[in-house]
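# Coordinate analysis (summary)
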Amino acid sequence: MVEAGTPGASWRFSDPEDCTKEAQRVLRQNDRGGYTVPTPNIYPFQWNWDSCLVALGWVTFDETRAWQEIESLFIGQWPDGMVPHIVFHRDDPGYFPGPDIWGTASLWGDRLAVPTSGISDPPLAATIALKLWRGARDQQQAKAAVERLYPKIAAWHRWFHTARDPAQDGMVAILHPWESGRDNSQDWDAALSRVPTDDLPPFQRRDLDRVDAAQRPRKEQYERYLSLILTFRGKGYEPKAIYEASPFRMVDIGTVAILLRADRDLRVLAETLGYREDLVEIDRWIARGESALDRLWDETAGVFRSYDLISGGFTDAITSASFLPFYGGGVKPERCTRMVEVLERWGTQSSYPVPSFDPGDQRFDSLRYWRGPTWAIVNHMIAEGLTGCGHEGWAARIAGATARAIRQSGFWEYFDPITGRGLGGDDFTWTAAMWLAWARDFSPPNDSSEDAA
Ligand code: DGY
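Figured I'd write up the structure that's included with this text. Given the structure is predicted, the values throughout are model-derived calculations rather than measurements. (Residues numbered from 1 in each chain as written. Predicted model: local features only at pLDDT ≥ 70, side-chain atom pairs only at ≥ 80, totals over all residues. Heavy atoms only, no water.)

### Structural notes on the overall build of the protein
As a reminder, the rule being used: Only runs of H or I of at least four residues qualify as helices and only runs of E of at least two qualify as strands under DSSP, and these elements are numbered from the N terminus. Think of it in three bands: residues with accessible area under 20% of the maximum for their type are buried, residues over 50% are exposed, and the middle band is partly exposed, with areas taken using a 1.4 Å probe on protein chains only. Contact definition: two residues touch when any of their heavy atoms are within 4.5 Å.
The number of helices and strands found in the protein is 16 helices and 9 strands. For the protein, the spread of C-alpha atoms along the three principal axes comes to 60 × 55 × 50 Å. Going through the 453 residues of the protein one by one, you find that 62% of them count as buried. Sequence-distant contacts, at least 24 apart, represent 73% of the contacts inside the protein between residues at least 6 apart.

What follows is the structure in structure tokens.
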């Protein structure tokens, strides 16, 4: 029997070159002139961490466009440094909650060029800017872009380390599940149950017009997402007020790891550009991030975990974000070994690692968004981190599995980690970008067998 996703099985792209052409077409199709929408039918605006990762796809065939992708994101930066998770450059009725619900348009008077959401996203910009700069063919263009971006990115990091870490101990909080990017992860179940849903106005979700409900968050989660937004809006998004008022105050292991990596990369940018006066402050952020990471290590489970600042304990979930400290860097070798043991176990239970949730846990759901499916972007970050700590074999295995899922199914938002079936939105920009930037290098060669679709 030919296993799905191995050479000889039914491929959507039997020739990797066709896959590459199609990935470029997806980026061009979703380009709105300077920014790329994740997929027009479900997400018709600019998303923050999407754009950072999508720049890695653009740069493989249009370096200028890659820089634009990052720079356009900062058009939505708030005067206090926060970079919102959605920038509503143009109106579109096809998404809920749109700019009218967020109510940020008049918040900063004419100091904000476009309406935005009122929460942030995992901070990838420093890491991506450094990567683009290092690989740039046009060094002059790259240096000019980084010079424009550096003060904006530094202000965003400062916002994380102050607004979201009032205790100044590195336990940087997210106040909404969307800020983790892993919206309906089991990591957030217990904390979300504290969020009140009485007195919510009636609302109409738009995501279910396009995606099977079995692949999306449930109604009770959406009610809580909305309730948090309305609480923050009621407090004018004032950082201290919303930090104190939020019943959801979580230290997301993914955000802590990504921020730590980004702080290290920001330090390199500061040094290279001559911002020596910033180094003391950045070093303090890095030290705090390392100490937070240490607190988030669970010796019993042999992985890192997210933490609930209100209940004062770890969440009861092990998710793909538990492996993102590989990407953050600096994990002790003995801890890397323990984490790889967990990956080994997960690998026996899923053919397309890394599932977003422990496949051995009874709450695992291979179809439902962040409750089991595998995501190319997270796989890319985990694999890059694994390479950095000497586990190239596992890095290649994850990349190969991601390439197979894409060759087999196409550029889906996420994939069933058991079968490789595509789920969520199709023609998805960041999945196409991950093919271009990474997975294609690990793809099996052209399959000329009779079985190829
Ligand atoms: C959504 O609408 O599903 C997004 O993930 C929120 O940012």
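There is more to say, and it comes next.
### Topic: unusual backbone geometry
Cis geometry is found at the peptide bond from F96 to P97, where omega equals 0°. Structurally, P97 can be placed in the loop between β2 (86-87) and α4 (99-102). For the bond from P353 to V354, the omega torsion is 20°, close enough to zero to count as cis. Along the chain, V354 turns up in the loop between α13 (333-349) and α14 (376-388). Notably, Q168 is not glycine yet its phi reads approximately 55°, a positive angle. For Q168, a relative accessible area of 37% gives the class partly exposed.

### Side note on the site of the ligand
Rule in force here: The nearness test applies per residue and asks whether one of its heavy atoms lies within 4 Å of the molecule or strand. Here a polar contact is taken to be a pair of N or O atoms separated by no more than 3.5 Å, where protein atoms must pair a possible hydrogen donor with a possible acceptor and residues adjacent in sequence count only if both atoms sit in side chains. The accessible surface values rely on the Shrake-Rupley method and a 1.4 Å probe; as for residues, cover is taken only from the protein chains in view. For this classification, Asp, Glu, Lys and Arg are treated as charged, while Ala, Val, Leu, Ile, Met, Phe, Trp, Tyr, Cys and Pro are nonpolar and the rest, including Gly, are polar.
By nearness alone, every residue bordering the ligand is listed as Y43, W47, H85, Y95, W178, D183, R216, Y222 and Y369. Separating an oxygen atom of the ligand from a side-chain N or O atom of H85 is a distance of 2.7 Å. At a separation of 3.2 Å, an oxygen atom of the ligand approaches a polar side-chain atom of Y369. Alone, the ligand offers 230 Å² of accessible surface; in the complex the protein occludes 93% of this. Its residues placed into classes, the shell around the ligand shows 6 nonpolar, 1 polar and 2 charged.

### What about the pattern of salt bridges?
Close approach of charged atoms allows side chains of opposite charge to pair. Just so we agree on the cut-off: Any carboxyl oxygen of Asp or Glu within 4 Å of a side-chain nitrogen of Lys or Arg constitutes a salt bridge here.
Per the stated rule, a full pass over the model turns up 34 salt bridges. Residue D426 pairs with R12 through a salt bridge whose shortest N-O separation is 3.9 Å. Separated by 414 residues along the polypeptide, D426 in the loop between β9 (422-423) and α16 (429-437) and R12 in the segment before α1 (16-29) bring together distant segments of the chain. Judged by its relative accessible area of 28%, D426 falls in the partly exposed class. Given a relative accessible area of 39%, R12 falls into the partly exposed group. The salt bridge involving R65 is made with E69; its shortest N-O contact spans 3.0 Å.

### Structural notes on the side chain of N48
In this structure, N48 sits in helix α2 (residues 48-58). A polar contact is formed between the side chain of N48 and the backbone oxygen of P84, at a distance of 3.1 Å.

### Observations concerning the packing of aromatic side chains
Note the following rule: A pair of aromatic rings is counted whenever rings of Phe, Tyr or Trp (Trp by its six-membered ring) have centres within 6.5 Å, and the orientation is called stacked for planes under 30 degrees apart, edge-to-face for over 60 and tilted otherwise. Whether a charge sits over a ring depends on NZ of Lys or CZ of Arg being within 6 Å of the ring centre and within 35 degrees of the ring normal.
Counting across every chain of the model gives 32 aromatic pairs. Where W78 meets Y237, the ring centres are 5.8 Å apart and the plane angle is 80°; that geometry is what we call edge-to-face. Of the two residues, W78 is situated in the loop between α3 (63-73) and β2 and Y237 in the loop between α8 (219-234) and α9 (239-245); the sequence distance between them amounts to 159 residues. Assessed through its relative accessible area of 4%, Y237 is described here as buried. Arranged with centres 6.1 Å apart and planes meeting at 80°, the rings of W375 and W430 form a pair that is edge-to-face. Taken as a pair, W375 in the loop between α13 and α14 and W430 in helix α16 lie far apart in primary sequence, 55 residues in all. Taken together, the ring pairs connect Y43, F45, W47, W49, F88, Y95, Y369, W370, W375, Y414, F428 and W430 into an aromatic cluster. Over the ring of Y369 we find R216, and its NZ or CZ is 4.5 Å from the ring centre.

### Description of helix α15 (residues 392-409)
For clarity, the cut-off: Given the number of residues in a helix, its expected span is that number minus one, multiplied by 1.5 Å.
When the terminal C-alpha atoms of α15 are compared, their 26 Å separation across 18 residues agrees well with the 26 Å that a helix rising 1.5 Å per residue should span. Just downstream of α15 lies G410, where phi reads positive at about 110°.

### Quick word on the side chain of E413
Heads up, the condition is: Neither His nor the chain ends contribute to the count of charged residues, in which Lys and Arg are positive and Asp and Glu negative.
With respect to the helices and strands, the residue E413 is situated in the loop between α15 and β8 (414-415). Buried within the structure, E413 lacks any salt-bridge partner; its nearest side chain of opposite charge belongs to R216, at an N-O separation of 4.4 Å. Among the polar contacts listed, one links the side chain of E413 to the side chain of Y43, at a separation of 3.1 Å. Look past the residues within four positions of E413 in its chain and what remains in contact with it is I42, Y43, R216, Y369, W375, L423, G424, G425, F428, W430 and T431.

### What about the packing of α14 against α15?
Condition: Lines fitted to C-alpha atoms define the axes, with helix axes restricted to the stretch in contact, and inter-axis angles between N-to-C directions lie between 0 and 180 degrees. By the definition adopted for this analysis, an angle is roughly parallel if under 35 degrees, roughly antiparallel if over 145, roughly perpendicular if from 65 to 115, and oblique otherwise. Helix crossings fall into two classes, left-handed where the near helix is turned counterclockwise from the far one by less than a right angle and right-handed where it is turned clockwise.
Packing of α14 against α15 brings their axes to within 8 Å, and their N-to-C directions diverge by 160°. Between α14 and α15, the angle is such that the two are roughly antiparallel. Where α14 crosses over α15, the handedness of that crossing is left-handed. Each of A376, N379, I382, A383, L386 and T387 in α14 lies in contact with α15, whose residues at this interface are E392, W394, A395, I398 and T402. Residues that form the contact of α14 with α15 fall into these classes: 7 nonpolar, 3 polar and 1 charged.

### Here's the deal with the sheet that holds strand β7 (residues 313-314)
Backbone hydrogen bonds are what pair the strands of a sheet, in a parallel or an antiparallel way. Operational definition: Paired strands, as defined in this entry, are two strands with at least two bridges between them according to DSSP.
Taken in spatial order, the 3 strands make up an open sheet running β3-β6-β7, and their pairing is antiparallel. What marks the edges here is a single partner per strand, and that holds for β3 (250-251) and β7. As defined by bridge partners, strand β6 (residues 307-308) adjoins β7 across 2 bridges and the pair is classed as antiparallel. In the strand pairing of β7, Y307 is matched with F314.

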